[in-house]
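Residue-level structural notes
Take a look at the letters that make up each chain.
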Amino acid sequence: MIRAALATALTLAVPSPARAFTPDVDYAVHCQGCHLADGRATPGSVPALAGTVARLARTPAGRDYMARVPNVAQAPLGDAELAALLNWVVRRFAGPEAAASFTPYGAEEIAKLRAEPLVDVQAARRALLPDSAAR
Amino acid sequence: MASDGLDRWIERRARGLARGTSRRGFLARLGTFAVGAAGLPLLPVVRASAGERAPAPDEVALAGKPEGDPKRCEYWRHCAIDGFLCACCGGSQNTCPPGTEMSSITWIGTCKNPADGKDYIISYNDCCGQSLCGRCQCQRTEREKPVYITPKNNDALWCFGTKSRAVQCSVAVVLGVVTES
């Protein structure tokens, strides 16, 4: 009972903030500080988005992972804004072929995914991208 | 026969080219190009432009005011900075002091420019590789979060991916104008 109530509470949608920015601005403010404007890796510190997002976007597990990574799931953005930001990231970094076949995230999907904490990020990443640097 | 004609045509072109150019002139132009090309990376706009994606905002109206002075904590771009101001340390609001390396990983916030009333995306890159500057310390915290929300905290040292983790000062580079959906 308590567990069900907790699950309901966790899946409540995060409302949009008072001011909503365009996805490119949200990327600059919330992601670019580490992932840089072009999504390249900083070896030893930050893994690449460029070349990685396309691989993640291809599978359901990768799709879930992208929305559950801590700094994505916990970004101070409403569900609709976060969905728009992730869809922008896929368009920007996955390349035209992968982006064209990608079904965009919706706000409800984001609400559900961000309510399921990803506890061991590195293990999840290793399972999805075994040949990719963890940072 | 056709071959003779071709030979003569090439000879005329070669002699004409030799008459119309001088080795000294060529060397002078080459030297100008080489010096100019070498100087390009020294221009402040180029050195700061890794992420610059918009024209510089209008700051003329702020001349003479604290909000327009990069050496003051009140400078409008400093609304979320925490550190020593590079403009007081041999650099500028866009460039690191000589002998330091700008960290590409950075803390990013937004500030309102009082000259035009627009919000701008500001990147507070640390300049790394020398000890703390010690001049013009500034700490402002607009939209900054506690340290347990690390990506939104400006107390952290942001010298990641640099040769040295020693931080000297921080710049405040404009990345673009905030646009709302």
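Refer to the structure presented above.
Residues numbered from 1 in each chain as written. Chains lettered and ligands numbered in written order. Predicted model: local features only at pLDDT ≥ 70, side-chain atom pairs only at ≥ 80, totals over all residues. Heavy atoms only, no water.

Before going further, it helps to spend a moment on empty space enclosed by the protein. All names here are of chain B. In this structure the tally under the stated criterion is 1 cavity of 30 Å³ or more. Here the largest cavity defines a volume of roughly 40 Å³. Around the largest cavity, the lining residues are Ile81, Asp82, Trp107, Tyr124, Asp126, Asn154, Trp158 and Ser170. A per-class count over the lining of the largest cavity returns 4 nonpolar, 2 polar and 2 charged. (1 Å grid on protein atoms, 1.4 Å probe; cavity = no way out; pocket = protein on both sides within 12 Å on 5 of 7 lines; lining within 4 Å. Points joined across faces, edges and corners; volume = space filled by probe spheres on them. Nonpolar A, V, L, I, M, F, W, Y, C, P; charged D, E, K, R; others polar.)

All names here are of chain B. A grouping of Val147, Tyr148 and Ile149 is seen on the molecular surface, where their side chains present a nonpolar patch of about 340 Å² in accessible area. With respect to the helices, strands and loops of the structure, Tyr148 is situated in the loop between β6 (137–139) and β7 (167–170). Accessibility expressed as a relative area gives 69% for Tyr148, which makes it exposed. (Patch = residues over 30% accessible without salt bridge, like charges linked within 9 Å, V, L, I, M, F, W, Y side chains within 5 Å. Areas by Shrake-Rupley, 256 points an atom, 1.4 Å probe, with all protein chains shown as cover. Salt bridge = Lys/Arg side-chain N within 4 Å of Asp/Glu carboxyl O. Helix = DSSP H or I, 4+ residues; strand = E, 2+ residues; numbered from the N terminus. Buried < 20%, exposed > 50% of the residue type's maximum accessible area, 1.4 Å probe, protein only.)

A few words now on the nonpolar core. One finds Tyr27, Val53 and Tyr105 of chain A to be the most contacted residues of the largest nonpolar core, which totals 30 residues. For this core, the secondary-structure elements that each account for two or more residues are α4 (53–57), α5 (60–68), α7 (79–93) and α9 (107–114) of chain A. Examining the composition of this core, we find that 8 residues originate from one element, α7 of chain A, more than from any other. Residues contacting Tyr105 of chain A, with those up to four places away along its chain left out, are Arg63, Met66, Ala67, Ala83, Leu86, Asn87, Ile110 and Leu113 of chain A. Of all hydrophobic cores here, the second largest spans 28 residues; its members include Leu62, Trp76, Trp107 and Val174 of chain B. (Core = buried A, V, L, I, M, F, W, Y, C linked by side-chain atoms within 4.5 Å. Contact = heavy atoms within 4.5 Å.)

As a further point, take the interface of chain A and chain B. Counting residues at the interface gives 17 residues for chain A and 19 residues for chain B. Area buried by chain A at its contact with chain B is led by Arg19, Val29 and Gly33 of chain A, which between them contribute 26% of it. Counting across the interface, chain A meets chain B through 0 salt bridges. Listing elements by their share of the side of chain A that touches chain B, those giving two or more residues are α2 (23–30) and α3 (32–35) of chain A. Here the side of chain A that touches chain B takes 5 residues from α2 of chain A, the largest share from any one element. (Buried area = accessible area lost by both parts, 1.4 Å probe.)

Residue and element names in this part refer to chain B. The strand order β3-β4-β8 describes an open sheet built from 3 strands, whose pairing is antiparallel. Both outer strands of the open sheet, β3 (107–113) and β8 (173–177), are each paired with one neighbouring strand and no more. Between one strand axis and the next, the sheet turns by 35° as a mean value, whatever way the strands run. (Pairing = 2+ DSSP bridges. Axes fitted to C-alpha atoms, helices over the stretch in contact; angles between N-to-C directions.)

Below, the discussion takes up the packing of α7 of chain A against α9 of chain A. Residues and elements named next belong to chain A. Viewed as axis vectors pointing N to C, α7 and α9 meet at an angle of 100°, and their least axial separation amounts to 8 Å. Classed by the angle they form, the pair α7 and α9 counts as roughly perpendicular. Mapping the contact onto sequence places Asp79, Ala80, Leu82, Ala83 and Leu86 in α7 and Ala107, Ile110, Ala111 and Arg114 in α9. By residue class, the composition of the contact of α7 with α9 is 7 nonpolar, no polar and 2 charged. (Parallel < 35°, antiparallel > 145°, perpendicular 65-115°, else oblique.)

Attention shifts here to the side chain of Asn94 of chain B. Mapped onto the secondary structure, Asn94 of chain B falls in the loop between β1 (82–84) and β2 (101–102). A relative accessible area of 19% places Asn94 of chain B in the buried class.

You can see Glu108 of chain A is positioned in helix α9. Distance in space between the C-alpha atoms of Glu108 of chain A and Ala80 of chain A is 8.1 Å, their sequence separation being 28 residues.

All names here are of chain B. By secondary structure assignment, the location of Lys163 is in the loop between β6 and β7. You can call Lys163 exposed: its relative accessible area is 80%. Considering only alpha carbons, one finds Lys163 and Glu101, 62 residues apart in sequence, at a separation of 8.0 Å.

A few words on the pattern of salt bridges. Residues and elements named next belong to chain B. Considering all chains together, one arrives at 9 salt bridges over all chains under this definition. Close ionic contact of Arg77 with Glu59 constitutes a salt bridge, the shortest N to O distance being 3.1 Å. Residue Arg77 is located in the loop between α3 (44–47) and β1, and its partner Glu59 is located in the loop between α3 and β1; the two are separated by 18 residues in the primary sequence. In terms of burial, Arg77 and Glu59 fall into one category: buried. A salt bridge links Asp119 to Lys112; the shortest N-O distance between them is 3.5 Å. Looking at Asp119, the relative accessible area reads 12%, which means it is buried. Residue classification places Lys112 among the partly exposed positions, given a relative accessible area of 46%.

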